[in-house]
Amino acid sequence: MDLRKYNTAIKTFVVGFLLSISSLTYAQAQGTDSALSDLEFTEISPDTARVISKEKDSAIVKATDATVHEVNTAADPKTTAALKTAGSEKEKTLWETFIAGLFGGFLAFLMPCIFPMVPLTVSYFTKRAGSRQKGIGQALIYGLSIIVIYVAFGLLITIFFGSAKLNELSSSGWFNFVFFLLLLTFAISFFGAFEITLPSSLVNKIDQKADDSKGLGGIFFMAASLALVSFSCTGPIIGTLLVQASSKGEILAPAIGMFGFALALALPFTLSAIFPGFLNSMPKSGGWLNTVKVCLGFLELALALKFLSAADLVWHWEWFDREIFLVLWIVIFALMGLYILGKLKFSHDSDVSYVSVPRLFFAIFSLSFAVYLIPGLWGAPVNILSGIAPPMNTQDFILNGNGSSSANAPAADFPAKVKYSEVLKAPVGFSPFFDLDEGVAYAKKVNKPILIDFTGHACVNCRKMEDKVWIDKEVGRIIKEKYVLIQLYVDERNIKMPKDKVHYSEILRTSTDDLGRWNGDFQASRYGSNSQPFYVLAGHDLNPLVTPGGAIFDAKQYAAYLQSGVDAFDKKKSD
């Protein structure tokens with residue numbers, strides 16, 4: 001059942017479709033994070049609830065509910081609206097994972113291993129069924145079989161890893177480094193160096209089942225045959241989707257992503273059987289399919305660097321900084337633009353005898369994106385990469401310091417050096433504490449409320465908040481002037497805790513022997529949460545002044561949320 005041979009011709013309209021969708025998906029990655037705004041999780045697992053005694057678990061839940069009830073009564077409408085925005089992040093994550101799966105499925109459909117199979121598959125159904133009505137019915141079953149196969153695969157990933165491992169992915173240096181190597185391998189495969197294929201014995205066995213079986217079983221094995229035969233093209237896309245979905249920390253994300261992927265992949269086959277005109281309007285297969293594949297290789301390579309950056313931050317290598325990341329992205333997208341114009345060729349590419357109008361426009365798109373990134377080398381925010389690129393505090397040179405030096409200077413009585421500052425870096429323009437006790441002591445001294453920021457090195461939304469929201473003038477002013485900022489990293493493994501602070505965490509099921517585990521245990525046991533970013537506006541007793549919340553990407557809503565904490569603190573003082 002070898003259908004991988006196809007004719008050579010140049011059609012690039014689909015290349016533009018690839019660039020537009022992929023740039024949207026990667027650039028906003030993971031939520032408004034673009035297609036992808038999502039919560040980042042620590043190693044705390046929802047499954048660990050089983051190891052907590054019922055009495056303690058109940059006590060934590062009741063205490064958390066009581067706190068939420070108490071602070072909700074003090075929250076004004078603006079605060080409530082902001083917290084509703086933060087509270088919907090989990091639902092957004094799953095929806096964005098589904099949308100990313102849809103995009104991935106449409107891209108997979110345009111791969112050389114699948115696109116030429118559409119007319120052959122539809123023709124097979126029509127001849128086998130004997131009538132158009134039966135052919136349509138069998139095509140629908142074929143599409144449903146594709147969905148069942150890929151969703152089952154996503155569920156197997158979840159069962160294999162479990163929620164604990166999925167939550168660990170986003171904050172583990174090893175997992176991020178392995179993901180980098182995996183996506184790098186996928187990119188090289190798309191460039192044509194080799195093909196990722198499944199064992200031929202397995203493929204042949206499924207092909208034989210499809211030929212021998214009749215009825216629903218035969219159709220199901222045809223769908224399985226499609227999945228196996230096309231794996232060299234779809235494997236890297238599926239792998240990328242599963243990596244992205246798994247790193248979000250949502251246990252259902254892999255299955256949701258695979259559902260979107262399978263739905264998009266099955267839809268063209270089904271529509272072609274129901275509406276013959278749809279098949280006639282599709283472009284002919286040819287060399288343009290390989291162009292799509294290579295362009296996707298460039299995008300895989302760019303995305304791989306995100307995971308390398310996360311590993312660098314977690315392990316404190318301090319060599320893969322923001323400038324290096326941006327230089328590599330600039331080169332990647334510049335080369336992709338040259339490739340679309342036919343100025344860069346691989347051994348398996350067709351000659352580009354002329355530049356068509358669509359090819360020209362999409363080359364302009366890729367080259368323009370590369371030029372757009374250039375000011376980032378001198379400290380420009382490059383907001384489209386917020387949460388993907390390394391944080392601004394890894395930048396060696398920032399033109400104008402991102403603001404006047406007086407505006408960014410800490411208060412006169414702020415310590416010259418705070419604890420752990422030799423390892424942990426402050427966001428540009430802010431002066432946080434990294435140790436809870438030290439920060440609380442300073443807050444009492446200056447009589448200000450506390451902003452506790454539970455964050456992580458590999459937390460995408462944490463960086464997005466700092467790069468896109470905290471730089472807002474009003475948000476920055478409130479944080480700097482009205483609060484004492486304490487950043488508690490939950491994935492910091494290099495800083496070891498003193499013996500008097502080491503204890504066994506029943507929630508983490510491990511000893512709090514490093515700063516990250518101590519902070520993670522404190523967040524879960526005190527505030528009943530394990531997501532990052534997680535903001536607690538607290539008094540000197542560390543009790544929330546208003547309901548704690550997660551990422552709020554609207555600067556006005558976040559400013560209102562911060563101001564509500566200040567107002568609650570002032571009211572408490574006056575009482």
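Bear in mind the structure is a predicted one, so any value in this text is a computation, not a measurement.

### Considering the overall build of the chain
- A count of helical and extended segments in the chain gives 21 helices and 7 strands.
- Across the chain, contacts joining residues at least 24 apart in sequence account for 76% of those joining residues at least 6 apart.
- Surface accessibility of the chain: about 24,500 Å² in total, with carbon and sulfur atoms responsible for 63%.

### Structural notes on unusual backbone geometry
- Residue Q532 is joined to P533 through a cis peptide bond whose omega torsion reads -5°.
- Structurally, the position occupied by P533 is in the loop between β6 (531-532) and β7 (534-538).
- Despite not being glycine, V382 shows a phi value in the positive range, around 50°.
- Structurally, V382 can be placed in the loop between α15 (357-373) and α16 (405-408).
- The class of V382 is buried, set by a relative accessible area of 6%.
- One non-glycine residue, N447, lies in positive phi territory at about 55°.
- In this fold, N447 is placed in the loop between α17 (436-446) and β2 (450-455).
- Overall, N447 belongs to the partly exposed group, its relative accessible area being 37%.

### Considering the state of the cysteines
- Tallying each qualifying case throughout the model produces 1 disulfide.
- Disulfide pairing places C459 opposite C462 at an S-S distance of 2.1 Å. Because the sign of the S-S torsion sets the handedness, a value of about 80° for the bond joining C459 and C462 places this disulfide among the right-handed ones. Of the two residues, C459 and C462, neither departs from the other in class, the shared state being buried.

### Some points on helix α21 (residues 555-574)
- Its 20 residues place the ends of α21 29 Å apart at the C-alpha level, agreeing with the 28 Å of an ideal helix rising 1.5 Å per residue.
- Those residues of α21 that sit buried are A555, Y558, A559, A560, Y561, L562, S564, G565, V566, A568 and F569.
- A distance of 3.0 Å separates the backbone nitrogen of K556 from a side-chain oxygen at the start of α21, and that oxygen is part of D554.

### Describing the pattern of salt bridges
- A complete count under the given rule lists 8 salt bridges for this structure.
- With its nearest N and O atoms 3.0 Å apart, the salt bridge here joins R463 to E466. Here E466 and R463 lie together in helix α18 (residues 460-469), a separation of 3 residues that amounts to about one turn. By the burial criterion, R463 is buried, and E466 matches it.
- Between D541 and K572 there is a salt bridge, with its nearest N and O atoms 3.3 Å apart. With D541 in the loop between β7 and α21 and K572 in helix α21, this residue pair connects regions lying 31 residues apart in the sequence.

### Re the sheet that holds β2
- Read from one edge to the other, the open sheet built from 3 strands follows the order β3-β2-β7, with strand pairing classed as mixed. In this open sheet, the two strands that pair with only one neighbour each are β3 (484-489) and β7. In this sheet, neighbouring strand axes are inclined to one another by 20° on average, regardless of whether the strands run parallel or antiparallel.
- As paired strands, β2 and β7 are joined by 5 bridges and run antiparallel to one another.

### Some thoughts on a nonpolar patch on the surface
- Side chains of V355, V357, L360, F361 and I364 sit close together on the surface and give an oily, nonpolar patch of about 460 Å² of accessible area.
- Within the fold, L360 resides in helix α15.
- Here L360 falls in the partly exposed class, since its relative accessible area comes to 40%.

### Considerations on helix α11 (residues 253-274)
- For α11, with 22 residues, the first-to-last C-alpha span of 31 Å sits near the 32 Å given by 1.5 Å per residue.
- Largest kink in α11: about 30°, centred on L267, with the proline P268 one to four residues after it.
- Within α11, 16 of the 22 residues are buried, which leaves the element mostly enclosed by the surrounding structure.

### Some thoughts on the packing of aromatic side chains
- Taken as a whole and judged by the stated rule, the model has 35 aromatic pairs.
- With a centroid separation of 5.4 Å and an interplanar angle of 65°, the aromatic rings of Y535 and Y558 are classed as edge-to-face. Pair noted here: Y535 is in strand β7 and Y558 is in helix α21, with a separation of 23 residues, a long-range link.
- Residue class for Y535 comes out buried when judged on its relative accessible area of 1%.
- The class for Y558 is buried, based on a relative accessible area of 0%.

### A few points about the confidence of the model for the chain
- Scored by pLDDT, the chain comes out at a mean of 76, with 69% of its residues at no less than 70.
- When the criterion is pLDDT under 50, residues 401-407 qualifies, and its contacts beyond four places in sequence or with other chains add up to 7 contacts.

### Quick notes on the packing of helix α14 (residues 322-340) against α15
- α15 packs onto α14 with a crossing angle of 165° between their chain directions and a minimal axis gap of 8 Å. Taken together, the axis directions place α14 and α15 in an arrangement best described as roughly antiparallel. Regarding α14 and α15, the two cross each other, and that crossing is left-handed. On α15, the residues touching L326, W329, I330, F333, A334, M336, G337, L338, Y339 and I340 of α14 are R359, F362, A363, S366, L367, F369, A370 and L373.
- Class assignment of the residues belonging to the contact of α14 with α15 gives a composition of 15 nonpolar, 2 polar and 1 charged.

### Quick look at the pairing of β7
- By the criterion of burial, β7 is predominantly enclosed, with 5 of the 5 residues buried.
- Residues of β7 alternate between two faces, with F534, V536 and A538 on one and Y535 and L537 on the opposite face, all of them buried.

### Focus: the environment of P254
- Note on placement: P254 falls in helix α11.
- With 157 residues separating them in the primary sequence, P254 and T97 have C-alpha atoms 8.2 Å apart.

Quick notes on the rules
- Residues numbered from 1 in each chain as written.
- Predicted model: local features only at pLDDT ≥ 70, side-chain atom pairs only at ≥ 80, totals over all residues.
- Heavy atoms only, no water.
- Helix = DSSP H or I, 4+ residues; strand = E, 2+ residues; numbered from the N terminus.
- Contact = heavy atoms within 4.5 Å.
- Areas by Shrake-Rupley, 256 points an atom, 1.4 Å probe, with all protein chains shown as cover.
- Buried < 20%, exposed > 50% of the residue type's maximum accessible area, 1.4 Å probe, protein only.
- Disulfide = S-S within 2.5 Å.
- Expected span 1.5 Å × (residues − 1).
- Polar contact = N/O pair within 3.5 Å; in protein donor to acceptor, adjacent residues only side chain to side chain.
- Salt bridge = Lys/Arg side-chain N within 4 Å of Asp/Glu carboxyl O.
- Pairing = 2+ DSSP bridges.
- Axes fitted to C-alpha atoms, helices over the stretch in contact; angles between N-to-C directions.
- Patch = residues over 30% accessible without salt bridge, like charges linked within 9 Å, V, L, I, M, F, W, Y side chains within 5 Å.
- Bend = angle between axes of the 7 residues up to and from the residue.
- Phe/Tyr/Trp six-rings, centres within 6.5 Å; stacked < 30°, edge-to-face > 60°.
- pLDDT = per-residue confidence, 0-100.
- Parallel < 35°, antiparallel > 145°, perpendicular 65-115°, else oblique.
- Left-handed = near helix turned anticlockwise from the far one by under 90°.
- Nonpolar A, V, L, I, M, F, W, Y, C, P; charged D, E, K, R; others polar.

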